[in-house]
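Structural description and commentary
If you want the building blocks of each chain, they are given just below.
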Amino acid sequence: MLKITKFGGSSVATAAQFKKIKDIIRADSARRFVVVSAAGRRFPDDNKVTDLLYLVCAHRAYHVDATDLLEDVEERFLAIKDGLGLTFPVAEKFAEFASHIGSDSEEYIVSRGEWFTAHLMAEYLGLPFVDAADVIVFHHDGTLNEERTDELVRATVKRLGKFCMPGFYGATSDGEIKLMERGGGDITGSLLARALSADLYENWTDVSGFLSADPSLVDEPRTIDRITFDEMRELSYMGASVLHEDAIFPVREANIPIQILNTNDPENTGTIIREHVEHHEGDPVVTGIAGRKDFLSVYVDKTHLSNMVGALRRVLAIFERYGISIEHLPTGIDSFSVVVNAADVKNSIYSIVRDIKEELEPDEVKVIDGLALVSVVGRNMSKRPGTSGKILTTLGDAGINVRMISQSSQEITIIVGVNERDFAETVRRVYDAFVREEV
Ligand code: ASP
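Criteria and cut-off values
Residues numbered from 1 in each chain as written. Predicted model: local features only at pLDDT ≥ 70, side-chain atom pairs only at ≥ 80, totals over all residues. Heavy atoms only, no water. Pairing = 2+ DSSP bridges. Helix = DSSP H or I, 4+ residues; strand = E, 2+ residues; numbered from the N terminus. Axes fitted to C-alpha atoms, helices over the stretch in contact; angles between N-to-C directions. Contact = heavy atoms within 4.5 Å. Buried < 20%, exposed > 50% of the residue type's maximum accessible area, 1.4 Å probe, protein only. Expected span 1.5 Å × (residues − 1). Arc of directions from axis to C-beta. Parallel < 35°, antiparallel > 145°, perpendicular 65-115°, else oblique. Left-handed = near helix turned anticlockwise from the far one by under 90°. Nonpolar A, V, L, I, M, F, W, Y, C, P; charged D, E, K, R; others polar. Salt bridge = Lys/Arg side-chain N within 4 Å of Asp/Glu carboxyl O.

Another aspect to go through is the sheet that holds strand S15 (residues 364-377). If you walk across this open sheet you meet the 5 strands as S14-S13-S15-S17-S16, and the pairing is antiparallel. In the strand order of this sheet, the two ends are held by strand S14 (335-341) and strand S16 (402-407), each with one partner. Pairs of neighbouring strands in the sheet enclose a mean axial angle of 35°, with direction left out of account. Packed onto the sheet, helix H10 (residues 311-321) meets strand S13 (288-301) and S14 and runs at close to 20° relative to S14.

Set out below in structure tokens:
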């Protein structure tokens, strides 16, 4: 049995958090590979080390002295070192790092958050430290060199048997540090899991799994215990996020499940994400609900549109010309709507409407803004007829006007468009009707 364990920023924020990690690692001999983020927030309005390091770079760019900031960062690592009685020479290594900060790349500077954290963690857990720059290989264009990375990870494992490694960065073949996107430590863990064909990728956070709705909208939403990769992607896309979106691709290809766990409540089994989830009696029809505001829909109506060849393509080409990505495309017989992020078309919406009028000569083009989309996601919805009917009735009874409804082709998502002012109420009503009442 082999598990990759990845600990997020808040899990490694203090000496006390490090102690919890030691207990977690000791509790299971399959946990031989540990990936860490940089020390994160210790309390709600604290700063993450990564943010402080970005700020150091911003100071440098404007020739502003960053000594105080660097001291804050060093202080974070010294507190962990002293709190645990470690010997890693934080002060010396930090002085060395600070001495050439003027000439280092931003990516190098920011990556030191993970580097210092992983050094401290490696010593504390008694594991060899492996620098991500030596095993996670990027091409010069910033894409991952998968083959080389897999080879190096496997060779390192052969040599050392177990290790602790910083997440979030790697390097090109000539040693230039490259960062992943923010939150990318999740991707590092996933890459290791794939390279080693792990049985499980454990992603340790400060929440006990994936919630079925946003807790700021719904009172005590239940935790999703099992979810498929597809469902998770649908929910993450609409804003429900615990895991970096790109972290699912490597493990998914290799059919390795991910478990979201809580360092502060390790007994809780959290959420397990896999390709297929067996159907259990009593599983709710709806797995989760997520949504976002700030969408806009361009409604196009033209008599005999259904008989016109290429009309849709021509309208889509107009959006393409303005570099706009399309979110949804609900169609009727003689009409369709193009739903986009309002912010994306802020500067081009008038030109887009003008071009549609010129090129299609429609009967009507209407822009509907202030639209919120709510995704109702559930692998079991396809087995249960009447789900969209029930959503519409639920919202109708609540006096909420549904401006659009659309179903994904795999039938795992039903998307309803409502006025932004009805957003929170829509999420609550759907949650109450499908999740709260079914369990
Ligand atoms: N430390 C990085 C960030 O704050 C990466 C990570 O935590 O995964 O974005």
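When a strand is regular, its side chains alternate between the sheet's two faces. The side-chain alternation of strand S4 (residues 163-166) yields two buried faces, one formed by Phe163 and Met165 and the other by Cys164 and Pro166. In this structure, strand S2 (residues 31-36) lies alongside S4, joined through 4 bridges in parallel fashion. Each bridged residue has a counterpart across the sheet, and for Val34 the counterpart in S4 is Cys164.

Turning next to helix H3 (residues 67-84). An ideal rise of 1.5 Å per residue puts 26 Å on 18 residues; H3 measures up with 26 Å between its terminal C-alpha atoms. Within H3, the full set of buried residues consists of Leu69, Leu70, Val73, Glu74, Arg76, Phe77, Ile80, Lys81 and Leu84. End-on, the buried residues of H3 take up no more than an arc of 140°, which puts them together on one face. Facing away from the buried side of H3 by more than 90 degrees, the exposed set consists of Asp68 and Asp82. Buried residues belonging to H3 abut helix H1 (15-26), helix H2 (49-61), helix H4 (90-99) and helix H5 (106-125). Phi turns positive, to about 65°, at Gly85, one or two residues after H3.

Our focus in this paragraph is the packing of H2 against H5. Contact geometry for H2 and H5: axes closest at 8 Å, N-to-C directions at 155°. The angle between H2 and H5 falls in the class roughly antiparallel. Judged by the sense of rotation from one axis to the other, the crossing of H2 with H5 is right-handed. Residue-level contacts link Val49, Thr50, Leu53, Tyr54, Cys57 and Arg60 of H2 to Glu106, Ile109, Val110, Arg112, Gly113 and Glu114 of H5. Its residues assigned to classes, the contact of H2 with H5 shows 6 nonpolar, 2 polar and 4 charged.

Moving on, we get to the pattern of salt bridges. Counted by the stated rule, this structure contains 25 salt bridges. Notably, a salt bridge pairs Glu202 with Lys3, separated by 3.6 Å at the nearest N-O pair. Residue Glu202 is located in strand S7 (residues 200-205), and its partner Lys3 is located in strand S1 (residues 3-7); the two are separated by 199 residues in the primary sequence. Asp432 is the salt-bridge partner of Arg436, the closest N and O atoms lying 2.9 Å from each other. Here Asp432 and Arg436 lie together in helix H13 (residues 423-436), a separation of 4 residues that amounts to about one turn. Judged by its relative accessible area of 38%, Arg436 falls in the partly exposed class.

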